[in-house]
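# Coordinates in review
Here's the letter readout for the chains.
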Amino acid sequence: MELKKSTAIKLSLGVYTALTLVFLIVGIIRVCSTVNETKVNIKRLPIDYTNCKNNRDVDQTCAQYLNENNGGDCKCDIYFKLNEDYKGNVTIYYQLDGYQETFGPLFNSSDPTQWSGVLTMPPSDKCQPYQYSNTTMGIKPIVPCGGLADAMFNDTYRLFNTQMQIQMDEMGLISDAERKKYKNPVNIIAVQEFTKPVNWPMSIWDIGQGNFTGFLNDRFIIWMNTKLHPKPVAKVRKTSGFENGLPKDDYHFKFFYNYPPSRYNGTRTLILEAVEHMTVQKSRSSGWVLLILGLILILLGIIAYVLRRGHFFDITDITINLPFLRKANENEPKASPEERPLGRERTNTNV
């Protein structure tokens, strides 16, 4: 019986001490350690310019002007204000609601072989009805052929604040993996045998910036990847004064309304998006909780020691009525009623 009591006491003290040490050590480590985490702060501002007013006639929208003047050009301005800094990487997207429903059949009209730089004659039958175009030099095959390329959105714009025009890039909008299957043809003579899409104002070789022209142009690749929606069209260039994004200020977009409403009469929206990556310290609250729990356990241990005069607790008071200990006591000799009050200080009555 004494052995069982001693084992229970040692086990309880061991668990109590181990738990206290775990709380203290883990709490101290978490409180003292500096753990940083990256948070992404995204801000978006949609700018709908579907019905923007013609700069030459404020009573007329650009959409109305182009419906009346096929092939004409229209400019309009949309003013807005940034009430807070748009920090980080600033990208401009365009969003065309319902475009896929309008041009559904055209999205299968294309020739991916051309995108890889291989210009074959005649163009693929998949490009019907946009295989050939009637030019001043006769009928020529189209590159890039197909209804999908011919329907490429070509509205353009410029961004200004109260002081200057904000420079923008049309490069770096896509990953290398998305660009992998696109290549420009090596044979320049073969290129001269082809002509631009019917509804394009210029050839594909005149589109893009730097080394990313032709089939390597970011905007062309983004357009042909119809799964990407909304589609990025530019990034704000990191010029002097704009290294950290766009500061709060008054801005306006000047839109060049080129895409005919007869082909698409849905909403036209630009989305100004800023993505800021912030490094912040991770919360240490869990460490403080564990540390406080460890200190509370130490305090309780000290109180128990003082109250029990050197013992954390008396196991006898706790286990006296437990069934398994009662069974163990049945094998011990029972004291007579006269002997019970004397307890362990019983004297020999024969002396």
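Look up a bit, the structure's there.
Computed from a predicted structure; not experimentally measured.

Scanning the chain for helices and strands turns up eleven helices and 17 strands. Expressed as a percentage of the 351 residues in the chain, the buried residues total 37%. For the chain, contacts bridging at least 24 residues in sequence account for 79% of all contacts bridging at least 6. On the chain, roughly 21800 Å² of surface is accessible, and the fraction owed to carbon and sulfur atoms is 55%.

Within this structure, the stated rule accounts for 13 aromatic pairs. For the ring pair Tyr49 and Tyr257, a centre distance of 5.9 Å and an interplane angle of 80° mean the geometry is edge-to-face. Pair noted here: Tyr49 is in the loop between β1 (36-48) and β2 (53-54) and Tyr257 is in strand β16 (residues 249-257), with a separation of 208 residues, a long-range link. A relative accessible area of 3% places Tyr49 in the buried class.

Examined against the element boundaries, Asp77 turns out to sit in strand β4 (residues 74-82). Side-chain polar atoms of Asp77 contact the side chain of Asn55, separated by 2.9 Å. Excluding anything up to four places from it in sequence, Asp77 contacts Asn55, His252, Phe253 and Lys254.

This paragraph deals with the environment of Gln163. By the element assignment, Gln163 lies in the loop between β9 (156-161) and β10 (165-166). For Gln163, a relative accessible area of 69% corresponds to the exposed category. Considering only alpha carbons, one finds Gln163 and Asp249, 86 residues apart in sequence, at a separation of 9.8 Å.

Applying the stated criterion across every chain, the model contains three disulfides. Two residues, Cys52 and Cys76, share a disulfide whose sulfurs are 1.9 Å apart. Linking Cys52 and Cys76, the disulfide has an S-S dihedral of approximately -55° and is accordingly described as left-handed. Of the two residues, Cys52 sits in the loop between β1 and β2 while Cys76 sits in strand β4, which places them 24 residues apart along the sequence.

Let us look at the pattern of salt bridges. Going through the model one piece at a time under the given rule, you end up with eight salt bridges. We note a salt bridge from Lys43 to Glu84, for which the minimum N-O separation is 3.2 Å. A residue pair is termed long-range when its members are at least 10 positions apart, and Lys43 in strand β1 and Glu84 in the loop between β4 and β5 (86-87) qualify at 41 residues. Accessibility expressed as a relative area gives 44% for Glu84, which makes it partly exposed. With its nearest N and O atoms 2.9 Å apart, the salt bridge here joins Asp218 to Arg179. Taken together, the positions of Asp218 in helix α8 (residues 218-224) and Arg179 in helix α6 (residues 176-179) put the pair 39 residues apart, joining distant regions of the chain. This pair shows no difference in class: Asp218 is buried, exactly as Arg179 is.

Rules used in this analysis
- Residues numbered from 1 in each chain as written.
- Predicted model: local features only at pLDDT ≥ 70, side-chain atom pairs only at ≥ 80, totals over all residues.
- Heavy atoms only, no water.
- Helix = DSSP H or I, 4+ residues; strand = E, 2+ residues; numbered from the N terminus.
- Buried < 20%, exposed > 50% of the residue type's maximum accessible area, 1.4 Å probe, protein only.
- Contact = heavy atoms within 4.5 Å.
- Areas by Shrake-Rupley, 256 points an atom, 1.4 Å probe, with all protein chains shown as cover.
- Phe/Tyr/Trp six-rings, centres within 6.5 Å; stacked < 30°, edge-to-face > 60°.
- Polar contact = N/O pair within 3.5 Å; in protein donor to acceptor, adjacent residues only side chain to side chain.
- Disulfide = S-S within 2.5 Å.
- Salt bridge = Lys/Arg side-chain N within 4 Å of Asp/Glu carboxyl O.

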